[in-house]
Every structure is written in structure tokens, then in C-alpha cells.
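# Reading the structure
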Amino acid sequence: MLKYLLSLSVLLLSVGVLAQKADIKLNGDEEKKVNKGNPGLAVGIDLAPFITHLFANERFGVEVNARYTINSKWQLAAEVGYENVDLDNKQMKYTSNGSFIRAGIDYNLFRVEEIGNNDNILLGLRYGAAVQEHSCPRYTISEDYWGDVSQSIGASTVGSHWAEFVFGLRSEVLKNFYMGWSVRFRTIINVGVNNELEPYSIPGFGRRDRSTNMGFTYSLEYHIPFRKK
């Protein structure tokens, strides 16, 4: 009888050890399946400048972007583009041609549990810089007694710097194809002034009639993954 009890005890102990090993292996496999995001490089185009042109036809620009996904939480981002301004009204004629770059980092607030879900809720920062050549071939000063007086300011080059706070959404609509939008709160750090002429619009920043500005982006991107899913 004792022999049978010892045999049963050994059998139960063996089953327990095997079950524990299987549980450890299962937990290890589950840990391996944790969503680590979709590391890789995405390139895209921003449609917002084309939308802006519909409502402010004196401004026309193009912007492209690149995004490096480090892991499920952190992404590096860069945006480059140019903007042309051709304003002609009763008060003034103003022209500007310039380019800009913005660079920064985004943090993904979206807690992703589902493997393969690469959607993002982003909170980020950008540093922006622009260089433009602008001129005012004509501006008019209205004077009731002496009559209107017209003057001009020649071409000059000016550089500008600003910071941006970013909030945005980004979703994988097809495999490796992303669509997203963001809202930007921008504040000027520095604007160079030449010939007493401040920019009417700063490339990548927007209207210069105030030191803070709101902007938006609407991007289409293609993601190049660095590892197979």
C-alpha cells in the first residue's frame, strides 16, 4: 500500500512540475506577443496647404513629412516644405517665397492591447525654422488732406523660429498606409526684421499678425516596416 501511495505521490508531483513548466512557457509566449508597435520609417504628404489655398488663395505651399517609429510609444518626426505668398489689394502688394523645416518627437497615448493594431493618439513637440525672401513693391498710406501716398520696400531675407505643441490622431487604414490629422499650437521664438518689413506670413507657421497661431495638418503616409509582423 505504501508503495502505491509513493508512486501516486511521485506521479502527482511530476504532473505538477510539468504543469508549472507549461504555465511558465505560456506566460513567456504571451510576453513575447506584447504589441511592440510597428518600428519603421513612414513618408507622406500633408494635404492641409491645399485646403488652406482654397480659403486664402494668396498663399500656396507644399509640405512632406517623415516619421520614424521607435516603439509603441515614441516616434521621431520631421516636416519640410515651402510657401509662396502673392498678396495684392488696395492697401499693399506683398510677395514672399520661403521654405521651412519642423522637427520633434511624439508620444503615443493610446494603450494598444491588440496585436497588429498600430493606431496612435499623439502628443508632441516641434521646433520650427523658416527662411524667406520677401518684398513690398507697393503700400499705400491713406491721407485725407494730402491724398494717398504710395511707397515701396525692397527685397530682403528674413529668418524665423518657433515652437509647436502637437495633438493628433493617426490610423492604419490599409496595411502600411496611414491617415492622420493634428492640431498645432504655435508660438514665435524669434523673427528677424530687415528694412522695417515683417513677414505677412511665415512659411510653416502661418499669419504673422500675432505671436501665437493655430494650425492643422491632414496627412497621408506610407510606412516601411523594419521587421516582419
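See above for the structure.
Being a predicted model, the structure only gives us computed values, none of them experimental.

### Comments concerning unusual backbone geometry
- Despite not being glycine, N176 shows a phi value in the positive range, around 70 degrees.
- Summarising the element assignment, N176 is placed in the loop between β6 (149-174) and β7 (177-191).

### Considerations on empty space enclosed by the protein
- Per the stated rule, a full pass over the model turns up 2 cavities of 30 Å³ or more.
- Taken as a whole, the largest cavity holds about 190 Å³ of empty space.
- Lining the largest cavity are 20 residues, with R67, S182, R184, T217 and E221 positioned closest to its centre.
- Counting only elements with at least two residues in the lining of the largest cavity, the list comes to β2 (59-69), β3 (74-88), β5 (120-141), β6, β7 and β10 (212-225).
- Its residues assigned to classes, the lining of the largest cavity comprises 6 nonpolar, 6 polar and 8 charged.

### Some points on the environment of R126
- Inspection of the secondary structure puts R126 in strand β5.
- R126 sits 39 residues away from F165 along the chain, and the two C-alpha atoms are 6.6 Å apart.
- R126 has contacts with R67, A77, E79, A103, G104, I105, D106, W162, A163, E164, V166 and R184, leaving out every residue within four places of it along the chain.
- Polar contacts involving the side chain of R126 include one to the side chain of E79, which spans 3.2 Å.

Reading the values: the criteria
Residues numbered from 1 in each chain as written. Predicted model: local features only at pLDDT ≥ 70, side-chain atom pairs only at ≥ 80, totals over all residues. Heavy atoms only, no water. Helix = DSSP H or I, 4+ residues; strand = E, 2+ residues; numbered from the N terminus. 1 Å grid on protein atoms, 1.4 Å probe; cavity = no way out; pocket = protein on both sides within 12 Å on 5 of 7 lines; lining within 4 Å. Points joined across faces, edges and corners; volume = space filled by probe spheres on them. Nonpolar A, V, L, I, M, F, W, Y, C, P; charged D, E, K, R; others polar. Contact = heavy atoms within 4.5 Å. Polar contact = N/O pair within 3.5 Å; in protein donor to acceptor, adjacent residues only side chain to side chain.

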